[in-house]
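Residues per chain, in single letters:
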Amino acid sequence: MKIGIIIHSHSGNTLSVAQKIKDRLAAAGHSVNLEQVTAVNGDPKEARNVQLKDIPDTSKYDLLIFGAPVWAFSLSPVMKLYLSQLPSMQGKKIGCFVTQQLRFRFMGGNNAISQMKKACQSKGGSIYETGIVNWSHKQREARIEEVVQKLGEV
Ligand SMILES: Cc1cc2nc3c(=O)[nH]c(=O)nc-3n(C[C@H](O)[C@H](O)[C@H](O)COP(=O)(O)O)c2cc1C
């Protein structure tokens, strides 16, 4: 299967999880690309006026995994804008994950996942799995492994 892992990552946490998911899927024999969505001005202080710079094309993939950080108890504005402008994803399987600093998923993680799910479903995609990594969790590595395993079973 041709799989695209498309992420926004400002400080590298989401990227490091995405890399592990990529390695897992590649080891299972899939063709996997990891691509990053970027903004013209990536400064979080400019988050209200976000304009996209690198806009990965989803059409070449059979299955998509989107990853992003939580910003201000919400999905990062860069990923929010990116998902909103995507073409139809009718019939595609989609996984979503977010990383967040705070320990509890009600501090933005659940909300961000729900925003991602809605955005993908509104384009006809069907969600197969989601995951949240709380970066300050004592068992962070175990949580990352859980998310990698869940999203890596396609
Ligand atoms: C502008 C901004 C707002 C943030 N807001 C939240 C938040 O509401 N809740 C939370 O748990 N973490 C918050 N964080 C922390 C990030 O979600 C966390 O560090 C994440 O893992 C960063 O991912 P990245 O390294 O891929 O950019 C915020 C970070 C930034 C830069």
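Model, not experiment: these values are computed from the prediction.

## Section: the packing of aromatic side chains
Ring pairs (aromatic) are described by centroid distance and by the angle formed between their planes.
Inference 1: Tallied over the entire structure, the rule returns two aromatic pairs.
Inference 2: Consider the rings of F66 and Y82, whose centres lie 6.3 Å apart with planes at 65°: the pair is edge-to-face. Within this pair, whereas F66 is found in strand β3 (residues 63-71), its partner Y82 is found in helix α2 (residues 77-84), the two being separated by 16 residues in sequence. In terms of burial, F66 and Y82 fall into one category: buried.
Inference 3: Relative to F106, the ring of F104 lies with its centre 5.6 Å away and its plane at 10°, an arrangement referred to as stacked.
Inference 4: Exposure remark for F104: the relative accessible area of 39% places this residue in the partly exposed category.
Inference 5: The lysine or arginine in question, K93, covers the ring of Y128, its NZ or CZ lying 5.3 Å from the ring centre.

## Regarding the pattern of salt bridges
Inference 1: Under the counting rule described, the total for this entry stands at five salt bridges.
Inference 2: Between R24 and E145 there is a salt bridge, with its nearest N and O atoms 3.0 Å apart. On the criterion of sequence distance, the pair formed by R24 in helix α1 (residues 13-27) and E145 in helix α4 (residues 140-152) is long-range, its members being 121 residues apart.
Inference 3: The exposure class assigned to R24 is partly exposed, which follows from its relative accessible area of 31%.

## Observations regarding the environment of Q36
Inference 1: In this structure, Q36 sits in strand β2 (residues 31-36).
Inference 2: With 20 residues separating them in the primary sequence, Q36 and P56 have C-alpha atoms 7.1 Å apart.
Inference 3: Not counting chain neighbours up to four residues away, the residues in contact with Q36 comprise I7, S9, L15, D54 and P56.

## Some details on the UniProt feature "domain: Flavodoxin-like" (unreviewed entry) in the chain
Inference 1: UniProt records the feature "domain: Flavodoxin-like" (unreviewed entry) at residues 3-154, using the numbering of this structure.
Inference 2: The span residues 3-154 is 32% helix and 26% strand, and its two end C-alpha atoms sit 10 Å from each other.

Criteria and cut-off values
Residues numbered from 1 in each chain as written. Predicted model: local features only at pLDDT ≥ 70, side-chain atom pairs only at ≥ 80, totals over all residues. Heavy atoms only, no water. Phe/Tyr/Trp six-rings, centres within 6.5 Å; stacked < 30°, edge-to-face > 60°. Helix = DSSP H or I, 4+ residues; strand = E, 2+ residues; numbered from the N terminus. Buried < 20%, exposed > 50% of the residue type's maximum accessible area, 1.4 Å probe, protein only. Lys NZ or Arg CZ within 6 Å of the ring centre and 35° of its normal. Salt bridge = Lys/Arg side-chain N within 4 Å of Asp/Glu carboxyl O. Contact = heavy atoms within 4.5 Å. UniProt positions renumbered as here; feature names shortened; annotations may be inferred.

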